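Observations on the three-dimensional arrangement
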Amino acid sequence: MEAESEPYVRLATMRQLHQAVADLNTARSLADTLQTVADGIVAGLGYELGCVNLVRPDGDLVIAAFAGNAAAEALITGRVGSRASWERRLSMGEAWDSLRFIPHTEGWVLLDDDVPQWHTEGPEPRFEDEWHPLDRLYAPMYAAAGGRDLLGVISVDRPRNGRRPGAWGREALQMYASQAAIAISNARLRANMQRALVRLEREQQALRASEESFRQAFEYAPSGMAIAEMGGDQQGRLLRTNDALCRLLGRPASVMRRYSFADLVHPEDIGTLLRTSAEGGRAELRLSRRDGTYLWVSLRNSVVADTADGPRFLLTHVEDIEERKRHELNLAHRASHDALTGLPNSAELKSRLSARICERPHSPAATAIEALDAAYGDVESSLTHGYRADRYEGTHGYQADGYEGEAVPGGGPFDHHVHTVAPDPEHDDGTKGLAVLFCDLDGFKSINDRFGHHTGDAVLIEVSRRLSTCVRDGDTVARLGGDEFVVLADGLGAADAADLAVRLRNAIIPPIRVDGRAVRVGASFGIGWAECGMTVEEVLRSADQRMYVEKRSRSKVHRRAG
């Protein structure tokens, strides 16, 4: 009779197993899947208790789902058993293919280990194949078919027919454990994907929020900002500019996109811009406005890098520093110019004079033998002309206070400085030099004493104006202090310098009207010459001495003021 009913039992079990597996695929989350696995053991496979033990990341197994007894579920769900205790259980008892059955005769040793357990009470078995309350049956679940990566263990207790499962019941439990492992793996994958999607959405939201924050900060920044292309054929082209920069330069955004900063920068500042664009950092330079004027700005560049392709864009912050630059230039002018007359002061005069002369005297023309020795690198010949090779550090150029020039005749093999020479006042050989005319006003002290400092200051201002109008562009008129002035005039011969002194004296002599009163001053000029090998002090002292010689040689009538 049992043999005749076996096909019907198998068919019924197959239907129940099919329904249990179908339920696994309807679970929405990992927790639902685990509970569905436990419920399927009770409802589909005919066991009174079903428990799903899931491997945690640390290797231990936690009771993730329980079915069949509400009290037991509340008591042991979430409790943990060590991996070592579980491996011990899966190596004991009888191996039913992939299942592990531990009869009560062996399982008593497991009563005191750390694996949570619950048993259904029942009478002692009367038959050999009857289920004992302390019998244990485990179905391991592996992450991949045929693999040994343990995913969890299904544990069951007491089949409803009271007997140990036969071959077909064992096969059904193995099939269910295999399908449960697939369902749990898929649920985990879906959970990971859902978490990844949530994380991606949050990142996208954060990115959108960041982009919007950047857009608002960029567009509404009180100072100018621009994004320029870096690299490629469109190097430096402006891709985007904010309203502040457009207002600063007087150009709309659509027009700004046609330019690069190189198109807008002052020609003298192009080198500064290129260095800043290549290296990032900060620079101060001038940009052109729509009306053709130039505006001083501070550029601060940040390189925006792409992790795949390297640097691609320059984010540029443009700050208007016109007022500060104007203040700095005003301070620099005040430091280098006389406050009363506006002429260069003594320090500026010495600076300009120092830029034209070097410490080595100009050598006379070399003889044919000396020139031949110099051409072949004769060191002694070089030294006879006043040159020391150790001062040039292997270069072939000489620089004096930033002034460089072409080689001059008679120079040594390392000499590329244009030496300043003095013409011979006795023999006019056509030599041109840098004339230094030292001027001292005659009779100025008496004007100061008789009419006061206000009148004296007015006289100095007018004398400065008259001197400045008599010289060429590029010449220098400086006030040393008091009633002393110095004129630097380059490219003059001895006769030219004498003519200039006469013109300057004649320009000073006419009466000067101050507060309705006409006053006169005279002027004495001493002509000196700047020459390489002299110091600035020596040049000025020479001109000063010649001025006093000239002053003493002239009659007092010509030097009287009134």
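Since the model is a prediction, treat every value here as computed from it, not as a measurement. (Residues numbered from 1 in each chain as written. Predicted model: local features only at pLDDT ≥ 70, side-chain atom pairs only at ≥ 80, totals over all residues. Heavy atoms only, no water.)

Section: the nonpolar core
- With 34 residues, the main nonpolar core has Val37, Leu137, Met141, Ile154, Leu173 and Tyr176 as its most contacted residues.
- Counting residues per element, the ones that place at least two in this core are helix H1 (2-24), helix H2 (30-43), strand E1 (47-55), strand E2 (61-67), strand E5 (99-102), strand E6 (136-142), strand E7 (150-159) and helix H6 (167-219).
- The element best represented in this core is H6, accounting for eight residues.
- Apart from residues lying up to four places away in sequence, Met141 is in contact with Val52, Asp149, Leu150, Leu151, Gly152, Val153, Ile154, Ala177, Ala180, Ala181 and Ile184. (Core = buried A, V, L, I, M, F, W, Y, C linked by side-chain atoms within 4.5 Å. Buried < 20%, exposed > 50% of the residue type's maximum accessible area, 1.4 Å probe, protein only. Helix = DSSP H or I, 4+ residues; strand = E, 2+ residues; numbered from the N terminus. Contact = heavy atoms within 4.5 Å.)

With respect to the sheet that holds strand E13 (residues 433-442)
- Strand order across the open sheet formed by four strands is E14-E15-E13-E18, with antiparallel pairing between neighbours. Two strands bound the open sheet, and with one partner strand each, they are strand E14 (476-481) and strand E18 (522-530). Taken pair by pair, the neighbouring strands of this sheet meet at an average axis angle of 25°, ignoring direction.
- One ladder, built from five bridges, connects E14 with strand E15 (residues 484-492); its direction is antiparallel. Its bridge partner lying in E15, Gly481 is registered against Glu484.
- Running over the sheet, helix H16 (residues 453-469) touches E13, E14, E15 and E18 and is turned about 5° from E15.
- Against the sheet, helix H18 (residues 536-553) contacts E13, E15 and E18, and its axis sits at roughly 140° relative to E18. (Pairing = 2+ DSSP bridges. Axes fitted to C-alpha atoms, helices over the stretch in contact; angles between N-to-C directions.)

Some words on the environment of Ile102
- When you line up the elements, Ile102 lands in strand E5.
- Its relative accessible area of 0% is what places Ile102 among the buried residues.
- For the pair Ile102 and Tyr138, spaced 36 residues apart in sequence, the C-alpha to C-alpha distance is 8.5 Å.
- Residues within four places of Ile102 in sequence aside, it is in contact with Arg89, Met92, Gly93, Gly107, Leu110, Leu134, Asp135, Arg136 and Tyr138.

Digging into the sheet that holds strand E4 (residues 94-96)
- Read from one edge of the open sheet, seven strands run E3-E2-E1-E7-E6-E5-E4, paired in antiparallel fashion. Edge positions in the sheet fall to strand E3 (80-81) and E4, since each has one partner strand and no second.
- Of the strand pairs in this sheet, E2 and E3 are connected by two bridges, and their pairing is antiparallel. Residue pairing in the sheet places Leu61 in a bridge with Gly81 of E3.
- Across the face of the sheet, H6 comes into contact with E1, E4, E5, E6 and E7 while running at roughly 40° to E6.

Observations concerning the side chain of Ser85
- For Ser85, the location among the structural elements is in helix H4 (residues 83-89).
- A distance of 2.9 Å separates the side chain of Ser85 from the side chain of Ser82, its partner in a polar contact.
- Once residues within four sequence positions are removed from consideration, Ser85 is found in contact with Asp113, Asp114 and Val115. (Polar contact = N/O pair within 3.5 Å; in protein donor to acceptor, adjacent residues only side chain to side chain.)

Focus on the packing of aromatic side chains
- On inspection of all chains with the given rule, the structure shows four aromatic pairs.
- For the pair Phe214 and Phe218, a centre-to-centre distance of 5.7 Å together with 35° between the ring planes defines the contact as tilted. Of this pair, Phe214 and Phe218 both sit in helix H6, four residues apart, roughly one helical turn.
- In this structure Phe214 comes out as partly exposed when scored by relative accessible area, which is 34%. (Phe/Tyr/Trp six-rings, centres within 6.5 Å; stacked < 30°, edge-to-face > 60°.)

Looking at the state of the cysteines
- Using the criterion set out here, one finds zero disulfides in the structure.
- The thiol sulfur of Cys532 is not disulfide-bonded, and the nearest other cysteine sulfur, from Cys358, lies at 3.5 Å.
- Residue Cys532 is classed as buried on the basis of its relative accessible area, which comes to 3%. (Disulfide = S-S within 2.5 Å.)

Points about the pattern of salt bridges
- Across all of its chains, the model carries 29 salt bridges by this definition.
- Of the charged contacts in the structure, one is a salt bridge between Arg326 and Glu323, with a shortest N-O distance of 2.8 Å. Of this pair, Arg326 and Glu323 both sit in helix H11 (residues 322-336), three residues apart, which is roughly one turn of the helix.
- Measuring nitrogen to oxygen at the nearest pair gives 3.0 Å for the salt bridge that ties Lys445 to Asp449. You can see Lys445 and its partner Asp449 sitting in helix H15 (residues 444-451), four residues apart, about one turn around the helix. Per residue, the accessibility class of Lys445 equals that of Asp449, and both read exposed. (Salt bridge = Lys/Arg side-chain N within 4 Å of Asp/Glu carboxyl O.)

Concerning the confidence of the model for the chain
- Residues at a pLDDT of 70 or more form 82% of the chain, whose mean pLDDT is 82.
- Counted against residues more than four places away or in other chains, residues 377-415, with its pLDDT under 50, gives 69 contacts.
- Long-range and interchain partners of residues 557-562, a stretch whose pLDDT sits below 50, account for 13 contacts in this model, where long-range means more than four residues apart. (pLDDT = per-residue confidence, 0-100.)

Things to note about the packing of helix H12 (residues 346-354) against H18
- Running from amino to carboxyl end, H12 crosses H18 at an angle of 110°, the nearest separation of the two axes being 10 Å. Classed by the angle they form, the pair H12 and H18 counts as roughly perpendicular. Contacts between H12 and H18 involve Leu349, Lys350, Leu353 and Ser354 from the former and Val536, Glu537, Val539 and Leu540 from the latter.
- Of the residues assigned to the contact of H12 with H18, the class counts are five nonpolar, one polar and two charged. (Parallel < 35°, antiparallel > 145°, perpendicular 65-115°, else oblique. Nonpolar A, V, L, I, M, F, W, Y, C, P; charged D, E, K, R; others polar.)

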